[in-house]
Amino acid sequence: MNGEKEAEAINKSRDILGLDKSVPSVAYKVINLHNPGGDYYIVIFGERNASVAIAAVDGQDLTIKTSATLKGTNAHLPVDRNQAIDLAGGKEVYSLDLVWKPGKLSRSPLYPIWRVHTSNGIKYVGQTGELSQDLDDGPRG
């Protein structure tokens with residue numbers, strides 16, 4: 001995490017959503033491949049497998065782009081970094097980050113895609129566990 005920006009993204013999201021400070025939170029930076037320079041943070045509130053709210057926060061001015069409350073019955077991002085690495089099948093991981101571009105693996109910026117650069121090349125892993133070599137293949141989801 002980038003410290004201060006993530007903390008501010010969490011605090012602004014918490015205020016907009018009306019959530020108490022006791023609700024666990026995490027923020028992830030997402031590289032926006034659809035709109036270069038439009039990177040953002042996805043902020044998730046709740047326990048790992050019981051997300052209660054989410055927000056997308058602009059990476060530059062930290063304004064809330066969109067937010068939603070959830071039922072708290074499952075994880076908002078069900079594929080975590082370790083699962084993404086396993087699904088990508090690489091023995092050596094050179095880099096791992098969240099990206100977004102509309103297409104087969106995701107149609108919403110609220111569901112970013114893991115980009116895993118391994119010894120076997122770059123692979124993309126969607127939040128359904130679907131694996132792709134390219135973000136441009138197939139119809140939009």
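Below or above, wherever it landed, is the structure these notes cover. Note that the coordinates shown come from a computational prediction; the quantities given were computed from them, not determined experimentally. (Residues numbered from 1 in each chain as written. Predicted model: local features only at pLDDT ≥ 70, side-chain atom pairs only at ≥ 80, totals over all residues. Heavy atoms only, no water.)

For the protein, the count of helices and strands is 2 helices and 8 strands. In the protein, the succession of helices and strands from N to C terminus is α-β-β-β-β-α-β-β-β-β. Here the C-alpha atoms of the protein give a radius of gyration of 15 Å, agreeing with the 14 Å that 2.2 N^0.38 yields for 141 residues. Expressed as a percentage of its 141 residues, the buried residues of the protein come to 40%. Counted over contacts in the protein with a minimum sequence separation of 6, partners at least 24 positions apart contribute 48%. With an accessible surface of roughly 7,600 Å², the protein has 48% of that area assigned to carbon and sulfur atoms. Within the protein, one finds 16 positive and 17 negative side-chain charges whose respective centroids are separated by 3 Å. (Helix = DSSP H or I, 4+ residues; strand = E, 2+ residues; numbered from the N terminus. Rg over C-alpha atoms; globule rule 2.2 N^0.38 Å. Buried < 20%, exposed > 50% of the residue type's maximum accessible area, 1.4 Å probe, protein only. Contact = heavy atoms within 4.5 Å. Areas by Shrake-Rupley, 256 points an atom, 1.4 Å probe, with all protein chains shown as cover. Lys, Arg positive; Asp, Glu negative; His and termini not counted. Charge placed at Lys NZ, Arg CZ, Asp CG, Glu CD.)

Within the fold, Lys 21 resides in the loop between α1 (4–17) and β1 (25–32). Using a relative accessible area of 71% as the deciding quantity, one classes Lys 21 as exposed. Residues Lys 21 and Asp 61 lie 40 residues apart in sequence; the distance between their C-alpha atoms is 22 Å.

What follows concerns helix α2 (residues 81–88). Among the residues of α2, the N-terminal cap falls to Asp 80, whose side-chain oxygen and the backbone nitrogen of Asn 82 are separated by 3.1 Å. Of the residues trailing α2, Gly 89 is marked for its positive phi of about 75°. (Polar contact = N/O pair within 3.5 Å; in protein donor to acceptor, adjacent residues only side chain to side chain.)

What follows covers the sheet that holds strand β3 (residues 50–58). Strand pairing in a sheet takes place through backbone hydrogen bonds and is either antiparallel or parallel in direction. Across the sheet, 8 strands lie side by side as β4-β3-β2-β1-β5-β6-β7-β8; this open sheet has mixed pairing. Of all the strands in the sheet, the pair left with one neighbour each is β4 (64–69) and β8 (131–132). Here strand β6 (residues 113–118) pairs with strand β7 (residues 121–125) via 5 bridges, running antiparallel. Counterpart to Arg 115 in the pairing with β7 is Tyr 124. (Pairing = 2+ DSSP bridges.)

Moving on to the pairing of β7. The turn linking β6 back onto β7 is made up of 2 residues. Two elements, β7 and β8, share 2 bridges in a ladder whose sense is antiparallel. Within β8, the residue paired with Tyr 124 across the bridge is Ser 132. Hairpin remark: β7 followed by β8, antiparallel, with 5 residues in the connecting loop; positive phi at Gly 129, about 90°.

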